[in-house]
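# Architecture at a glance
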Amino acid sequence: MIELAAHIKAIVAEEGPISVERYIEIALTHPEHGYYMNRDPFGAAGDFTTAPEISQMFGELIGLWSAEVWNAMGKPDPVRLIELGPGRGTLMSDALRAARIVPEFRAAIDVTLVEVSQTLAEIQHETLLTAGAPISWAASLSEAPEGPAIIIANEFLDALPVRQYVRSHNRWRERVVWVDKSGQLGFAPGRQPEPFIQAPGEEGDILEVNPSAHRLVYELAGRVARQGGIALFVDYGHGVTSIGDTLQAVRGHRIVNPLAEPGECDITAHVDFAAMARSARAAGAAVYGPIDQGDFLQEIGIDTRTRALGERTPDRAQEFEEARKRLVGKDIGEMGALFKAMVVANRSLPVPPGFDAGAGR
Ligand code: SAH
């Protein structure tokens, strides 16, 4: 942490204030000291917990969802099963196990894990040693093998660096990170106005865009439009583009100042699903959702799965029920409404499973 904060201050001293976007990129993915690069951030002992880490049901249901989608795609063999930002590899491990009930699909699967962190790639390797499917790693989507694909991304887009603009002195200016008089990293409006931004705004308003996420979704949508396939994004965020600062840093399950400990905390921002949908459509793909994660999981059978697992292992029935509630519930502290699911698909495919109830479309 000392190294990374000092490193960022040195950059500011040399080049002047840096954009929020660049700050986040360094804090998360600096090759040596970036947050994701040298740790396992997940779980009770880590900084945050994700849906696949809450319950095996999440990955299992996505595995079964993938099998159904593969049928609708005309059963391509091989099919690229690509996961973006696979964390510990838990989702993929659960998905592959569940997919065994469709042996034809299971046999056609060729897995690619897109991961920037060598440390996490090693953990994924260990998790998936006995998965029994061919697995390779890629540093970006563009390096993944071509062909019809099923692409899964849970809590991936929120980790891509957001760019912010702040309304200051009647102009929009890019929000930057500088070093204040006390020697601490601080936020400030950039000097240069950005007249290309058209939004109405009041003094102090903040506008976010996520160029990396746009580029990724545009590339991915072009891929599924040309080569066939479908992508499922699950993330926290909003369905309608709006003004506001959603930058959030988390350490040890607590909210912290995103500038205080670069490299030591996870930094994320809400996913603007409406903006992502625009990029996907512009690249020629169809978009379904976003719908609430809770509705999606119920549509694809989490209640049945919870009961079946509870009957098979009665001493764990309560644990499965609690996990189900946390994943689909819509109260504070539950994920069902906070998280959304959105699909980007080749236009020739039918409405994907989970989205045909019409909710939120
Ligand atoms: N999907 C997992 C992990 C989510 S955390 C889960 O649900 O548990 C975000 C993941 O994306 C981590 O694996 C992180 O290392 C990876 N990641 C972050 N930025 C990335 C980038 N630019 N390219 C590839 N992977 C990235």
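Above this text sits the structure in question.
Residues numbered from 1 in each chain as written. Predicted model: local features only at pLDDT ≥ 70, side-chain atom pairs only at ≥ 80, totals over all residues. Heavy atoms only, no water.

### Here we look at the overall build of the protein
In terms of regular secondary structure, the protein is built from 12 helices and 16 strands. Against the 2.2 N^0.38 benchmark of 21 Å for 361 residues, the protein shows a C-alpha radius of gyration of 21 Å, consistent with a compact globule. Considering only C-alpha atoms, the protein reaches an extent of 60 × 40 × 40 Å along its principal axes. A burial count over the protein gives 57% of its 361 residues as buried. A separation of at least 24 residues holds for 75% of the contacts in the protein among residues at least 6 apart in sequence. Carbon and sulfur atoms make up 51% of the accessible area of the protein, which amounts to about 16000 Å² in all. Considering the protein, the positive charge centre built from 34 side chains and the negative charge centre built from 49 side chains are found 3 Å apart. (Helix = DSSP H or I, 4+ residues; strand = E, 2+ residues; numbered from the N terminus. Rg over C-alpha atoms; globule rule 2.2 N^0.38 Å. Buried < 20%, exposed > 50% of the residue type's maximum accessible area, 1.4 Å probe, protein only. Contact = heavy atoms within 4.5 Å. Areas by Shrake-Rupley, 256 points an atom, 1.4 Å probe, with all protein chains shown as cover. Lys, Arg positive; Asp, Glu negative; His and termini not counted. Charge placed at Lys NZ, Arg CZ, Asp CG, Glu CD.)

### Topic: the site of the ligand
By nearness alone, 17 residues border the ligand, and Thr-50, Gly-85, Gly-87, Glu-115 and Asn-154 come closest of all. Between the ligand and Glu-115 there is a distance of 2.6 Å, counted from an oxygen atom to a side-chain nitrogen or oxygen. Isolated, the ligand exposes 570 Å² of accessible area, and the fraction of that covered by the protein chains is 93%. Split by residue class, the shell around the ligand holds nine nonpolar, five polar and three charged. (Near = heavy atom within 4 Å. Polar contact = N/O pair within 3.5 Å; in protein donor to acceptor, adjacent residues only side chain to side chain. Nonpolar A, V, L, I, M, F, W, Y, C, P; charged D, E, K, R; others polar.)

### Notes on the nonpolar core
Judged by nonpolar contacts, the single largest core of 51 residues is most densely connected at Trp-65, Ile-150 and Leu-232. When residues of this core are assigned to their parent elements, the largest contribution, eight residues, is made by helix α4 (residues 56-72). Residues Ile-151, Phe-273, Val-287 and Met-342 belong to the second largest nonpolar core, which totals 30 residues. (Core = buried A, V, L, I, M, F, W, Y, C linked by side-chain atoms within 4.5 Å.)

### Let's talk about helix α9 (residues 273-282)
Within α9, seven of the 10 residues are buried, which leaves it mostly tucked inside the rest of the structure. Looking at the buried positions of α9, the neighbouring elements they touch are α8 (211-227), β10 (229-238), β14 (271-272), β15 (286-292) and β16 (339-345).

### Remarks on the side chain of Asn-154
Relative to the helices and strands, Asn-154 resides in strand β5 (residues 149-154). Exposure remark for Asn-154: the relative accessible area of 7% places this residue in the buried category. Not counting residues up to four positions away in its chain, the partners in contact with Asn-154 are Thr-50, Ala-51, Pro-52, Phe-58, Leu-84, Gly-85, Leu-91 and Val-234.

### Let's talk about the sheet that holds strand β13 (residues 266-268)
Here we have three strands laid out as an open sheet, ordered β12-β11-β13, and antiparallel in their pairing. Of all the strands in the sheet, the pair left with one neighbour each is β12 (254-256) and β13. Between one strand axis and the next, the sheet turns by 40° as a mean value, whatever way the strands run. Bridge count between strand β11 (residues 248-251) and β13: three bridges; the pairing is antiparallel. Note that in β13 the partner of Val-250 across the bridge is Asp-266. (Pairing = 2+ DSSP bridges. Axes fitted to C-alpha atoms, helices over the stretch in contact; angles between N-to-C directions.)

### Some words on the packing of aromatic side chains
This model, assessed by the stated rule, comprises seven aromatic pairs. Where Tyr-236 meets Phe-339, the ring centres are 5.8 Å apart and the plane angle is 35°; that geometry is what we call tilted. Here the residue Tyr-236 occupies a position in strand β10, and Phe-339 occupies one in strand β16, the gap between them amounting to 103 residues. An identical accessibility class is assigned to Tyr-236 and Phe-339; each is buried. An aromatic cluster is built from Trp-65, Phe-296 and Phe-355, whose rings are joined through pairwise contacts. Of note, Arg-175 hangs over the ring of Phe-187, and the distance from its end group to the ring centre comes to 3.8 Å. (Phe/Tyr/Trp six-rings, centres within 6.5 Å; stacked < 30°, edge-to-face > 60°. Lys NZ or Arg CZ within 6 Å of the ring centre and 35° of its normal.)

### Description of the layout of surface pockets
Empty space within the second largest pocket amounts to approximately 330 Å³. Together, 23 residues line the second largest pocket, and Glu-208, Val-209, Asn-210, Asp-272 and Ala-275 are the ones closest to its centre. Broken down by secondary-structure element, the contributors of at least two residues to the lining of the second largest pocket are β9 (206-209), α8, β14 and α9. (1 Å grid on protein atoms, 1.4 Å probe; cavity = no way out; pocket = protein on both sides within 12 Å on 5 of 7 lines; lining within 4 Å. Points joined across faces, edges and corners; volume = space filled by probe spheres on them.)

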